[in-house]
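Summary of structural features
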Amino acid sequence: MTDPRPLTLTVCGSGAMGSQIALVGALAGHDVTLYDIDADRLDVAIGELRTQAERRVTKGRISREEADAAFARLAVTTSLERAAAGADFMIEAIVEKLEAKQSLFREFELLAPAHCILATNSSSIVSSKLKEGLARPELVCNMHFFNPALVMELVEVVEGEHTAPETVARAMALAASMGKHPVHITREIFGFVVNRVLTAIFDEAISLAEAGIASVEDIDVAVRKGLGHPIGPFALLDLTGIDVNYHIKTLQAAESGRPEDGPSQSLTSLYEAGKFGRKTGEGFFTYDGAAQ
Ligand SMILES: NC(=O)c1ccc[n+]([C@@H]2O[C@H](COP(=O)([O-])OP(=O)(O)OC[C@H]3O[C@@H](n4cnc5c(N)ncnc54)[C@H](O)[C@@H]3O)[C@@H](O)[C@H]2O)c1
């Protein structure tokens with residue numbers, strides 16, 4: 001894998017994911033432009049990134065010089081023309097709405113150099129849905145980072161039927177240059193690899209609990225102590241959000257056309273009761289930590 005540094009990298013969307021992906025890129029020595037339609041979000045993002053960088057300097061993970069150099073390589077803009085000019089690579093991390101992503105991809109392609117790769121960080125939208133109307137679909141793929149992107153090492157690089165092997169190679173090389181571990185997913189599938197494996201664990205844990213085989217507390221203990229997972233499936237469902245997981249299962253059933261892929265009975269009743277997990281103080285557990 002040839003190290004592509006330094007690239008001119010544009011990250012679209014300065015929310016939870018895009019802002020940290022941008023800093024990871026700048027820390028790795030790439031020239032990064034962070035683009036958002038909302039100037040206030042950009043201000044907030046830069047403030048949060050400075051706090052994160054300061055924490056790393058204090059802990060000795062990076063030097064002050066490295067932090068300063070990264071911020072010197074990181075520009076922000078609300079101008080799409082400026083964001084696309086000279087870009088070698090674009091990673092999109094805007095709102096999870098198909099139409100918004102499609103129009104961004106179309107506009108960006110018109111403004112960017114002809115060799116620029118367009119990658120989406122979407123957790124659920126495959127890049128074949130974003131290639132419509134583009135002149136160069138072979139340069140389009142998914143690059144799925146994990147939250148928090150400053151910390152999590154995995155990047156799933158997903159190849160669509162339209163994606164050129166060279167695009168996959170360039171995306172893998174970019175991820176590696178950012179200090180990440182890329183994995184190549186050779187065709188599009190809902191949830192990619194990590195979220196499919198995680199969903200299978202959630203589904204099995206829920207079905208065991210619903211059948212009365214063991215309590216949610218005991219299933220969590222079994223998975224932690226028996227499999228060495230840092231957190232049990234029910235605590236993780238509560239942490240990531242009952243609502244988020246309910247929507248993922250609803251989307252999965254819509255994509256597969258199989259009603260049995262939809263949300264389970266216990267997930268549905270928690271969702272309908274507004275018990276979304278940690279964020280509402282109650283889900284499978286209540287947050288003094290007791291099981292329901
Ligand atoms: N949050 C996660 O845990 C996570 C993990 C992996 C992947 N993702 C994916 O990353 C993407 C972003 O998620 P997030 O959690 O960072 O979202 P977020 O809501 O925190 O941030 C989205 C940002 O995009 C901006 N935006 C909206 N429309 C835009 C447009 N048309 N052009 C430019 N900017 C626009 C918003 O102003 C906002 O700053 C989604 O596709 C999501 O599926 C999220």
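Here is what the cut-offs are and how they apply
- Residues numbered from 1 in each chain as written.
- Predicted model: local features only at pLDDT ≥ 70, side-chain atom pairs only at ≥ 80, totals over all residues.
- Heavy atoms only, no water.
- Phe/Tyr/Trp six-rings, centres within 6.5 Å; stacked < 30°, edge-to-face > 60°.
- Helix = DSSP H or I, 4+ residues; strand = E, 2+ residues; numbered from the N terminus.
- Buried < 20%, exposed > 50% of the residue type's maximum accessible area, 1.4 Å probe, protein only.
- Core = buried A, V, L, I, M, F, W, Y, C linked by side-chain atoms within 4.5 Å.
- Contact = heavy atoms within 4.5 Å.
- Salt bridge = Lys/Arg side-chain N within 4 Å of Asp/Glu carboxyl O.
- Pairing = 2+ DSSP bridges.
- Axes fitted to C-alpha atoms, helices over the stretch in contact; angles between N-to-C directions.

1. Quick look at the packing of aromatic side chains
All told, the structure shown has three aromatic pairs when counted by the stated rule. On the numbers, 4.8 Å between centres and 65° between planes, the contact of F234 with F284 is edge-to-face. One end of the pair, F234, is in helix α9 (residues 233–240); the other, F284, is in the segment after α11 (265–272), and 50 residues separate them in sequence. As far as burial versus exposure is concerned, F234 and F284 are alike and both buried.

2. Some thoughts on the nonpolar core
Ranked by internal contacts, the top residues of the largest apolar core, which has 42 residues, are L74, F89 and M143. With near-sequence residues (within four places) excluded, M143 lies in contact with F89, I91, A119, T120, N121, V155, E156, V157, A171, L174 and A175. Counting residues in hydrophobic clusters, the runner-up holds 17 residues, among them C12, A87, I125 and L134.

3. As for unusual backbone geometry
Residue P148 is bonded to the preceding N147 through a cis peptide linkage, with omega at 0°. Counting through the fold element by element, P148 comes out in the loop between β6 (140–145) and β7 (154–158). Phi at F192 is positive, roughly 55°, even though this residue is not glycine. Among the secondary structure elements, F192 is positioned in the loop between β8 (181–185) and α7 (194–210). F192 gets classed as buried once you look at its relative accessible area, which sits at 1%.

4. Describing the pattern of salt bridges
Counted according to the given criterion, the structure contains 10 salt bridges. R64 serves as the salt-bridge partner of E54, at 2.7 Å between the closest nitrogen and oxygen. Taken together, the positions of E54 in helix α2 (residues 39–58) and R64 in helix α3 (residues 64–72) put the pair 10 residues apart, joining distant regions of the chain. One salt-bridge network, held together by shared partners, links E92, E96 and K101.

5. Regarding the sheet that holds β8
Here we have eight strands laid out as an open sheet, ordered β3-β2-β1-β4-β5-β6-β7-β8, and mixed in their pairing. The open sheet has two free edges, formed respectively by β3 (74–77) and β8, since each of these has just one partner strand. Strand-to-strand, the axes of this sheet are offset by a mean angle of 25°, without reference to chain direction. Sheet topology note: the β7/β8 ladder contains five bridges and is parallel. Across the sheet, residue L154 finds its bridge partner in β8, namely H181.

Keep in mind these numbers describe shape, not what the thing actually does.
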